[in-house]
Structures are given as structure tokens and as C-alpha cells.
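Remarks on the overall topology
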Amino acid sequence: GRVTVRCGVTADTPVQSYVEVEDDGPGIPPEQRARVTARFYRAPGTSGDGCGLGLAIVDEIARGHHALLDIGSGANDRGTRVRVTFPAA
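Residues numbered from 1 in each chain as written. Predicted model: local features only at pLDDT ≥ 70, side-chain atom pairs only at ≥ 80, totals over all residues. Heavy atoms only, no water.

Focus on unusual backbone geometry
With a phi close to 55°, His 66 is a non-glycine residue in the positive phi region. With respect to the helices and strands, the residue His 66 is situated in the loop between helix H1 (54-64) and strand E3 (68-73). The residue Asp 77 is not glycine, and still its phi comes out positive at about 60°. Structurally, Asp 77 is set in the loop between E3 and strand E4 (80-86). Residue classification places Asp 77 among the exposed positions, given a relative accessible area of 68%. (Helix = DSSP H or I, 4+ residues; strand = E, 2+ residues; numbered from the N terminus. Buried < 20%, exposed > 50% of the residue type's maximum accessible area, 1.4 Å probe, protein only.)

A word on the pairing of E3
Here six bridges tie E3 to E4, and the two strands are oriented antiparallel to one another. Across the sheet, residue Ile 71 finds its bridge partner in E4, namely Val 82. Here E3 hands over to E4 after six residues, with Asn 76 in that stretch at a positive phi of 55°. (Pairing = 2+ DSSP bridges.)

With respect to the side chain of Thr 80
Summarising the element assignment, Thr 80 is placed in strand E4. In this structure the side chain of Thr 80 is engaged in a polar contact, spanning 3.2 Å, whose partner is the backbone nitrogen of Ile 28. (Polar contact = N/O pair within 3.5 Å; in protein donor to acceptor, adjacent residues only side chain to side chain.)

Let's talk about the packing of aromatic side chains
Overall, the coordinates contain zero aromatic pairs when judged by the stated rule. Just above the ring of Tyr 18 sits the side chain of Arg 83; from NZ or CZ to the centre is 3.8 Å. (Phe/Tyr/Trp six-rings, centres within 6.5 Å; stacked < 30°, edge-to-face > 60°. Lys NZ or Arg CZ within 6 Å of the ring centre and 35° of its normal.)

Re H1
For H1, every residue scored as buried is listed here: Ala 56, Asp 59 and Ala 62. Down the axis, H1 shows its buried residues gathered within 125° of arc, on one side only. Exposed positions of H1 whose direction lies more than 90 degrees from the buried face are Gly 54 and Gly 64. Turning to H1, the residues buried within the fold contact E3 and E4. A positive phi of about 55° marks His 66, the residue just after H1. (Arc of directions from axis to C-beta. Contact = heavy atoms within 4.5 Å.)

Digging into the confidence of the model for the protein
Predicted coordinates in areas of low pLDDT are best not read in detail. Averaged over every residue, the pLDDT of the protein is 90; the share at 70 or more is 100%. Highest mean pLDDT in the protein belongs to E3 (96); lowest belongs to H1 (94). (pLDDT = per-residue confidence, 0-100.)

Overview of the sheet that holds E4
Pairing is antiparallel in the open sheet, where four strands are placed in the order E1-E2-E4-E3. The open sheet terminates on both sides in strands that have one partner only, identified here as strand E1 (3-9) and E3. When strand polarity is set aside, the average angle formed by the axes of neighbouring strands in this sheet is 15°. Summarising the sheet, E1 and strand E2 (residues 17-23) pair through seven bridges and their orientation is antiparallel. By the bridge assignment for E2, Gly 8 is matched with Tyr 18. Most of the contacts of H1 go to E3, to which it runs at about 140°, and overall it touches E3 and E4. (Axes fitted to C-alpha atoms, helices over the stretch in contact; angles between N-to-C directions.)

Structure follows, in C-alpha cells:
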């Protein structure tokens, strides 16, 4: 698979910075996206190792910085895109 990491600033006013990670894997179904930030939650049918803490930690850090965590589909509706947008300074 392919993982892409981006960072930059939005075109919004006031300008906000963001960091984004996108992959071209199986993705997270829309109905599961609200739940994957819960500690120890793993979507049904998920393969691989792990204990379900990754996105829970990202969510906690984002909230600690008053940032917004958004989970969506990757390019061409393939994979997952996770973006953390930080408020303007």
C-alpha cells in the first residue's frame, strides 16, 4: 500500500494549519468513522495486529490542541484520509 503525509495551511480565513495522513488501503466505512476514535475499538472484520489505540491517541492530542480531527475517504474513495486541523494562532 501507499501512505501519504501532508501538512500545510488552509485557504480559510483565518488561515489554519493541518497535518494529514492518507492511505490506499481498505478504508474505514462511513458508519464506523465516529467509533474508531474510541479506545480499544476495532471495526468488525479488521485484520492485523494492534489494540485499537492509534486514532484514540490522535483524537486526544487533537483535542488537547483545540484541533479538529476529520476522518474521511482517501483519493478516489479508496483508503482513508485522517486530517487534524489546528485553529489559527
